[in-house]
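Listed here are the chains, written in short residue letters.
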Amino acid sequence: MRWSWHDIWGCARGPVARLAPHVRIAAGAGVFAACLVAPATRASGTALIAAAAAAWIAACRPPRRIVAQCLLLGLVLFLPYFLLIPLVDAEVAPAWGKYGALAVPWSVFLHGLASLAVSVAAVTSLGMSELREGLGRLPIPRVVVLIVVQIVQQSTTLLEETQRAAAAMLLRGAAGKGFSAMRVLASFPRVWLPRVIARAERVAVAMELRGYCEAGSLSFTRAAFKAADGAALALAALAFGGALALRWVQAP
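To start, this report covers the structure provided alongside it. Note that the structure is a prediction, hence the values are computed from the model and not measured.

Cut-off values and rules
- Residues numbered from 1 in each chain as written.
- Predicted model: local features only at pLDDT ≥ 70, side-chain atom pairs only at ≥ 80, totals over all residues.
- Heavy atoms only, no water.
- Helix = DSSP H or I, 4+ residues; strand = E, 2+ residues; numbered from the N terminus.
- Buried < 20%, exposed > 50% of the residue type's maximum accessible area, 1.4 Å probe, protein only.
- Contact = heavy atoms within 4.5 Å.
- Areas by Shrake-Rupley, 256 points an atom, 1.4 Å probe, with all protein chains shown as cover.
- 1 Å grid on protein atoms, 1.4 Å probe; cavity = no way out; pocket = protein on both sides within 12 Å on 5 of 7 lines; lining within 4 Å.
- Points joined across faces, edges and corners; volume = space filled by probe spheres on them.
- Nonpolar A, V, L, I, M, F, W, Y, C, P; charged D, E, K, R; others polar.
- Axes fitted to C-alpha atoms, helices over the stretch in contact; angles between N-to-C directions.
- Parallel < 35°, antiparallel > 145°, perpendicular 65-115°, else oblique.
- Left-handed = near helix turned anticlockwise from the far one by under 90°.

### Section: the overall build of the protein
Looking only at helices and strands, the protein features 8 helices and 0 strands. Its helices and strands taken in sequence order, the protein reads α-α-α-α-α-α-α-α from the N to the C terminus. Counting over 252 residues, the protein shows a buried share of 33%. Considering only residue pairs separated by 6 or more positions, the protein has 81% of its internal contacts joining residues 24 or more positions apart. For the protein, the exposed area adds up to about 15200 Å²; of that, 69% sits on carbon and sulfur atoms.

### Details of the layout of surface pockets
In this structure, the largest pocket spans a volume of roughly 320 Å³. Looking at the largest pocket, it is lined by 15 residues, and the ones nearest its centre are Val31, Trp56, Ala232, Leu235 and Ala236. Of all elements in the fold, only α1 (21-37), α2 (43-60) and α8 (227-250) reach the threshold of two or more residues within the lining of the largest pocket. Counting residues per element, the lining of the largest pocket draws most heavily on α8, at 7 residues. Grouping the amino acids of the lining of the largest pocket by side-chain chemistry returns 15 nonpolar, no polar and no charged.

### Here's the deal with the packing of α1 against α2
The N-to-C vectors of α1 and α2 enclose an angle of 155°; their axes lie 9 Å apart at closest approach. Accordingly, the angle class assigned to the pair α1 and α2 is roughly antiparallel. For the element pair α1 and α2, the recorded crossing hand is left-handed. Residues Arg24, Ala27, Gly28, Val31, Ala34 and Cys35 of α1 form the contact with α2, whose own contacting residues are Leu48, Ile49, Ala52, Ala53 and Trp56. Here the residues of the contact of α1 with α2 sort into 9 nonpolar, 1 polar and 1 charged.

In structure tokens form, the structure reads like this:
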């Protein structure tokens, strides 16, 4: 079974999925920030990044297949940075001794992989409607909330539109190598781009008819702030504070 971008939304079954939507977003942002701020060139920072990412994934509990595919994607994206080791000056990390050149790619690898895993886990804990509600409850400009929600909702539609256009071109014999493949590649934007523009115009008209251009607050049902919500925010803030402390202690 292959997972699409639309399928991973709201598929987590961990305790985080029972928190208020805006708390899930805020807590995920706190863990994400902790994974970015903590210094990966120190053992304590590496331990904090690994512990924070692992705890967040365990709390969200996304399907194992999504976790495996996320880690595989992270390895594909960030392992090539280790090929730059011969170009890195070993003196950038004196504490690493003769392995100082390894510090830079290791930092990029660990920060990137942990941030990717935390982001995907947060996405799996939110449904489409919960994303809109959570963003609307956070101190974010309304226009930004609407734009982000529309990007998420329309990304799947645009992907399907691209797949249909590619399948139609393939069915009409748009296959081959060499010059034929180059002609297909050059002509694809002339088929795909007008369809995307037409769909974007229809979405804009629909948003205008539904009052998206008018000022006003987003309407949501009232939900009580539970103790679990406060605990999640406190733990995320603790992780971020610990990362800041490690970064500050490391600074000269």
